[in-house]
Amino acid sequence: MNKQKILVTRAIFPETLAKLGRYFDVESNQADDIWTKQQLIDKLQDKVGAFTFGLERIDAELLAACPTLKICANMTVGYNNFDLSAMTAAGVIGTNAPDTLTETTADFGFALLMATARRVTESEHFLRAGKWKSWRFDMFAGSDVHGSTLGIIGMGKIGQAIAKRGAFGFGMKVIYNNRSRLDVATEAACKARYVSKTELLQTADHIMLVVPYSAESHHTIGASELALMKPTANLINLARGGIVDDAALAVALKNQQIAAAGLDVFEGEPSVHPDLLTVPNIVLTPHIASSTVPTRMAMANKAVDNLVGFLLHGRAVSALN
Ligand code: 8YV
């Protein structure tokens, strides 16, 4: 029997392609070309499945042009690239990769928080530029992490893993805001206290954003929220571009309205707002929070399991619709 045809839209581990090749006739993109929407549509013409990376907009227009498509399997947790209602209407399922990157992303949240609070990249640039001539009492004096107040906006699995690191690893007071309050046992396990968004903005020393992107969470942090933050506070975004109004953040950083920011995600990435590149009190990374080899491998394996589960056995392991 002929194998079913699938498309892998970007470069991936050779092991992942080998695994997929056991079950499917695979067209891959190891050159890692960035396709236009029309190129993606053309490549999907005879395919029943797509291995996707959270970067390809799967909407009504694409679905109407790809009648053979049955499943799009993101190797990511976030799935704001899927128009799920259009997919459901077209009879196409979307899957994501839950429970593969929680701890790795929480680790990175702390990497960004530590680097931001302790001005790691700013001081490294200074050193590399040959500007370090002598010791000075306030050289790159930052803010403490231990014992401070950590405010988490978005208390899903990653938020909870960050809360535990803060409370138990760094002795931080953890407050959080979420669409719905956690049950008492989960709050106790994270040693976290529910507060209003306003209280969180006004009292946290470090604010960590881990909410999924949606129309509702667009610009969760804009000029008015930044105005509520302490002038000594740090803001960390490892959720999605668009959760923060990057232009407003650049102004707040420039005016030292807040102390510093650590950003792994950007509005319109891979483009970065030019003003964010010129302020010194910022740590910038290119959307790498989940990027360790074992975690990226686990994410890829989950997408494989979804494609195999659905196309060969009629059941995806983590269907979204
Ligand atoms: C991905 C992520 O690397 O899984 C997610 O939601 O944010 C990251 O792990 C990213 O989505 C790639 O597009």
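Quantities reported herein were computed from a predicted structural model and do not represent experimental measurements.

Some words on the overall build of the protein chain
On a plain count of helices and strands, the protein chain comes out with 12 helices and 12 strands. A globule of 321 residues ought to have a C-alpha radius of gyration of about 20 Å, and the protein chain, at 22 Å, matches this closely. Taking the principal axes of the C-alpha coordinates as reference, the protein chain spans close to 75 × 50 × 35 Å. Relative to its 321 residues, the protein chain shows a buried fraction of 47%. Counting contacts in the protein chain only where the partners sit at least 6 residues apart, residues at least 24 apart contribute 61% of the total. For the protein chain, the accessible area works out to roughly 15,300 Å², and carbon and sulfur atoms hold 55% of it. The protein chain carries 31 positive and 31 negative side-chain charges, and their two centres are separated by 4 Å.

Looking at the pattern of salt bridges
Summed over the entire model, instances satisfying the criterion amount to 18 salt bridges. Here Lys157 ties to Asp99 by a salt bridge, and the two come within 2.6 Å at their closest N and O atoms. Pair noted here: Lys157 is in helix 7 (residues 157–170) and Asp99 is in the loop between strand 5 (93–95) and helix 5 (102–117), with a separation of 58 residues, a long-range link. One salt bridge connects Arg119 with Glu122, and the closest N-O pair in it is separated by 3.0 Å. Given the relative accessible area of 26%, Arg119 is considered partly exposed.

Things to note about the domain arrangement of the protein chain
Under the domain assignment, the protein chain is made up of domain 1 (5–100 + 293–313) and domain 2 (102–284). The centre of domain 1, based on its C-alpha atoms, is set 32 Å off from the matching centre of domain 2. Tallying the contact residues gives five residues for domain 1 and five residues for domain 2. Of the roughly 450 Å² buried between domain 1 and domain 2, counting both surfaces, carbon and sulfur atoms make up 37%. Looking at the side of domain 1 facing domain 2, the largest losses of area belong to Asn80, Asp99 and Thr295, adding up to 73% of the total buried there. For the pair domain 1 and domain 2, the interface holds three residue pairs in polar contact (both at pLDDT 80 or more). Split into classes, the residues belonging to the side of domain 1 that touches domain 2 amount to no nonpolar, four polar and one charged.

Calculation rules
- Residues numbered from 1 in each chain as written.
- Predicted model: local features only at pLDDT ≥ 70, side-chain atom pairs only at ≥ 80, totals over all residues.
- Heavy atoms only, no water.
- Helix = DSSP H or I, 4+ residues; strand = E, 2+ residues; numbered from the N terminus.
- Rg over C-alpha atoms; globule rule 2.2 N^0.38 Å.
- Buried < 20%, exposed > 50% of the residue type's maximum accessible area, 1.4 Å probe, protein only.
- Contact = heavy atoms within 4.5 Å.
- Areas by Shrake-Rupley, 256 points an atom, 1.4 Å probe, with all protein chains shown as cover.
- Lys, Arg positive; Asp, Glu negative; His and termini not counted.
- Charge placed at Lys NZ, Arg CZ, Asp CG, Glu CD.
- Salt bridge = Lys/Arg side-chain N within 4 Å of Asp/Glu carboxyl O.
- Domains from an automatic or database assignment.
- Buried area = accessible area lost by both parts, 1.4 Å probe.
- Polar contact = N/O pair within 3.5 Å; in protein donor to acceptor, adjacent residues only side chain to side chain.
- Nonpolar A, V, L, I, M, F, W, Y, C, P; charged D, E, K, R; others polar.

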